[in-house]
Amino acid sequence: MQKRPRRIGLALGSGSARGWAHVGVMRALEERGIRADCVAGTSIGALVGAAYAARKMDVLEGEILKLDWKRVLYFFSDPSFHRSGLVDGKKIADFLRSRASGLSMEALPIPIRVVATDLNTGNEVCLLSGDIIDALRASFAIPGVFTPVEMNGTVLVDGGLVNPLPVSVAREMEADFVIAVDVGRAATTETPPPALQANEIDTGREKDASGSSVGLQLFESLSDLIATLDIPPLSRLRQRTQRTPLPHIFEVLMASISIMEMQITETRLKTEPADLLIRPSLGDIGFFEFNKAEEAIAEGYRAAMHGLDALPDGGRFLVRD
């Protein structure tokens, strides 16, 4: 029987709503008796990784299974009045903080590193100490959607721009067997419903130099974001009013980021391979369809079990004695 690795690491990748598949993977590992010694996470992978490191996976799974499109819409109805992003992210951060108040990264039972990107230099930033919620907020700050996060004099955004699947970070944590979960490969081909019409609305807010209303621009942009969500009433509206086959602006943005992250992941895996690479099939889940947690979890569980079964002795050598 193969000897158990000295240190098992998890590398949990970015992928927006598809990242709920990480929860299914964690469930499969737990059922097989496999416990990681360290975790590296990017974006949504960092969120799930933090729950794992804090030993609060049951809490996270219970919360995300409650999500419906109305709740998702609530979290995104948090407009930013800065020009650096449409959504402030405070509602999401407050929600997470209410479940994990006062947790510092260095105090978690399992060591974790959270990957973000320095917007000014383009460098990868690995956060390993300080407030875990601040670190998560920086790691999932999708450019153009969420406002960046200022931390220690640095402006941070989504870590997926530089290291979408942080196998290298898990290696830096001295993991000699890395289980990597890539949830970012599939790109949606759905055409989202049209944006809510706001061109007749005068918000009365301050106007920019071009004379257009800043408030109106914000309203229209948030309407665009809302339109990408899988909301039944808007889906029916799309069926009645669809006029163009061209993709929606947020579909273009997220698909472009996804394509970039897939290319980076493939390139890095050639020189930084994982010992077990799990790739759930998540093509039916859109970027902002966080309400499809049950489907994503089930696919993550299936893919993890398939990957473990393919290992020598069904992966039983990974179980701690």
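Residues numbered from 1 in each chain as written. Predicted model: local features only at pLDDT ≥ 70, side-chain atom pairs only at ≥ 80, totals over all residues. Heavy atoms only, no water.

Q: Got a sec to walk through the nonpolar core? Specific residues and values, please.
A: Most often, soluble globular proteins have nonpolar side chains that are buried together. With 82 residues, the main nonpolar core has W20, L136 and I179 as its most contacted residues. The leading source of residues in this core is helix α2 (residues 44-53), at 8 residues. L136 has contacts with A46, L47, A50, L96 and V114, leaving out every residue within four places of it along the chain. One finds V167, A170, A175 and L269 within the second-largest nonpolar core, a separate group that totals 13 residues. (Core = buried A, V, L, I, M, F, W, Y, C linked by side-chain atoms within 4.5 Å. Buried < 20%, exposed > 50% of the residue type's maximum accessible area, 1.4 Å probe, protein only. Helix = DSSP H or I, 4+ residues; strand = E, 2+ residues; numbered from the N terminus. Contact = heavy atoms within 4.5 Å.)

Q: Go over the pairing of strand β9 (residues 177-181) with me, naming the residues and quoting the values.
A: The element β9 is extensively covered by neighbouring structure, given that 5 of its 5 residues are classed as buried. Alternating positions in β9 separate into two faces, F177, I179 and V181 on one and V178 and A180 on the other, with burial throughout. Taken together, the 5 bridges between strand β1 (residues 8-12) and β9 define a ladder with parallel strand orientation. Residue pairing for β9: G9 is matched across the bridge by V178. As paired elements, β9 and strand β10 (residues 276-278) share 3 bridges and run parallel to each other. (Pairing = 2+ DSSP bridges.)

Q: Could you give an account of unusual backbone geometry, naming the residues involved and the relevant values?
A: Its identity as a non-glycine residue notwithstanding, N152 has a phi of 55 degrees, on the positive side. Residue N152 is classed as exposed on the basis of its relative accessible area, which comes to 78%. Backbone geometry at E174 places phi at a positive 70 degrees, although glycine is not the residue there. Mapping E174 onto the fold places it in the loop between α7 (167-172) and β9.

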